[in-house]
Structures are given as C-alpha cells and as structure tokens.
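Overview (structure and organization)
Each chain, letter by letter, is given below.
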Amino acid sequence: MIDIRKNKEEFIELLTSTGREGVKEVIEDLEDMGFFTAPASAGHHLNVEGGLVQHSLNTCKAALAVWEAMKPLDPSLETEVKRNSVIIASLLHDVCKSDIYKRTTKKRKNAIGQWEDAEGYKVSYKSFPMGHGEKSVILLLCSGLVLNDDEMLAIRWHMGPWGLNMNSFEDERCYDASRKLYPLVTIIQTADGLAASIMERSSEDLEEL
C-alpha cells in the first residue's frame, strides 16, 4: 500500500533541498495538476493512486545510487554532474503524466481466471498533447523552474530509444549528442529503467509472463 502523504512529504523535501529557483511554484502547479495522486501508468508499473510520486522517488534513489557508484570509476562525474541536478531531473522526469490518467472501470481476470469489473485508469492526451519528455520540460519551464541544459536534456530523453521518432534523423542525432555531452542523460535513463523493471516489479507482473 502506498503512503501518499509520506511520499508527498519526502518528494517535496527532496525537491526543496536543491534550493532551485521556481521549486515552490512547481510544487503548487503539480498539486493543481493532480501529480501527487496520479498513477505511474494505466496498466503496468504502479498503476495505483499515488504511483507516480512513488515512481519518481524510486527513480531519484536509483539515480543517486548510480551517480555515487560511478564516481569511483569516473572521478570527473563529481564535478560534471551535480547532486542537485540528479535530484531535479529524476524527481521531475515524468510530470508529463500528471494529467493524462482518468479513472475508469476495466475488465480483469480474478484469481480463478474469471473476468470481473475492476477500477483502473485510461489514458487521455487531450489536456496538453505535447509528447512525453518534452512535455515535462515545457511544463516545468512554464512553472518558472530554472533548469540547466543537462537537466532539460535528461528529462527530454529519459525514455532513451523509446522516446525517439525512428523516422527522424534529427531526433537520432540530438539524442546521441545529448548522451555524449551530458552523463546525466544516461544516469536518468538508467535509473528510470531500474525503478520500473526492478524496484517496482510485482508478483503479478511475474505471473503474467
């Protein structure tokens, strides 16, 4: 069971600890958009109320762990990637999901294989159909958050190849350049995958394989 209140407090404390200009306004806007009660997905990882904040915290913890573990292997990360940037990019990478999930009733199989009605979520992009990572960046800038280049690019490309338009040569070049220029891009992408695939996997996920 997700403790929505506890997670919200932890999220706000972590984000506020960065001292970044615009954080207060971001938190207010996230509240208005429903970020703190939204699920992380409609039918996959953490598809429950409060799942999005739980996923954001998981990604942040994974990102900080990756950053700390990599520094002995590449000491340049100590100065090239700032801790506050890891926190900001990881906590805020999925704010684009704040307004896309709507409650609905779905058909699901119960423990004995029979179909039954169950509460769930559907996805609607009509509120602000601006994509995924790019939507997060735009929402944060509109809230007044001051973002560094590496933070914007880490959020934009956190889906890795899955965030690419494979028919766009420009997209491929921009993604490749971002990863080479800014290690934070790879750190956030890696942490997002670790959170979703390891930290958030459930026994139900394994049973459905």
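One can find the structure itself at the top, above this paragraph.
Owing to the predicted nature of the structure, the values given are computational and were not obtained by experimental measurement.

Rules behind the numbers
Residues numbered from 1 in each chain as written. Predicted model: local features only at pLDDT ≥ 70, side-chain atom pairs only at ≥ 80, totals over all residues. Heavy atoms only, no water. Phe/Tyr/Trp six-rings, centres within 6.5 Å; stacked < 30°, edge-to-face > 60°. Helix = DSSP H or I, 4+ residues; strand = E, 2+ residues; numbered from the N terminus. Buried < 20%, exposed > 50% of the residue type's maximum accessible area, 1.4 Å probe, protein only. Lys NZ or Arg CZ within 6 Å of the ring centre and 35° of its normal. Salt bridge = Lys/Arg side-chain N within 4 Å of Asp/Glu carboxyl O. Contact = heavy atoms within 4.5 Å. Core = buried A, V, L, I, M, F, W, Y, C linked by side-chain atoms within 4.5 Å.

Remarks on the packing of aromatic side chains
Enumeration according to the criterion identifies four aromatic pairs in this entry. Each ring, one from F11 and one from F36, has its centre 5.7 Å from the other, and the planes form 85°; the classification is edge-to-face. Here F11 is found in helix α1 (residues 4-16), whereas its partner F36 is found in the loop between α2 (23-33) and α3 (51-70), with 25 residues between them in sequence. Note on accessibility: F11 and F36 belong to one class, buried. Both rings, one in W157 and one in Y175, keep their centres 5.6 Å apart while their planes meet at 55°; by these two values the pair is tilted. Residue W157 is found in the loop between α7 (149-156) and α8 (169-181), and its partner Y175 is found in helix α8; the two are separated by 18 residues along the sequence. A relative accessible area of 4% places W157 in the buried class. You can call Y175 buried: its relative accessible area is 6%. Cation over ring: K8 sits above F36, and NZ or CZ is 5.1 Å from the ring centre.

Some points on the pattern of salt bridges
Following the criterion strictly, the structure yields eleven salt bridges and no others. Here the salt bridges share partners, and the residues they tie into one network are E68, K71 and E78.

Things to note about helix α6 (residues 133-143)
Among all positions of α6, only G133, K135, S136, V137, L139, L140 and S143 are buried. In the core, the buried residues of α6 are packed alongside α2 and α7. G144 sits one or two positions beyond α6 and adopts a positive phi of about 100°.

Some words on helix α5 (residues 83-91)
Burial runs high along α5: seven of the nine residues are buried. Residues of α5 that are buried: S85, V86, I87, I88, A89, S90 and L91.

Notes on the side chain of S90
Assignment of secondary structure puts S90 in helix α5. Taking relative accessible area as the criterion, S90 reaches 0% and is therefore assigned buried. Setting aside residues no more than four positions away along its own chain, S90 makes contact with S56, T59, C60, A63 and I188.

Regarding the nonpolar core
In this structure, F11, L15, L91 and L92 are the most contacted members of the largest nonpolar core, which totals 42 residues. Those elements that place two or more of their residues in this core are α1, α2, α3, α5, α6, α7 and α9 (183-199). Residues within four places of L92 in sequence aside, it is in contact with F11, L15, V26, L30, S136, L140, L145 and I155.

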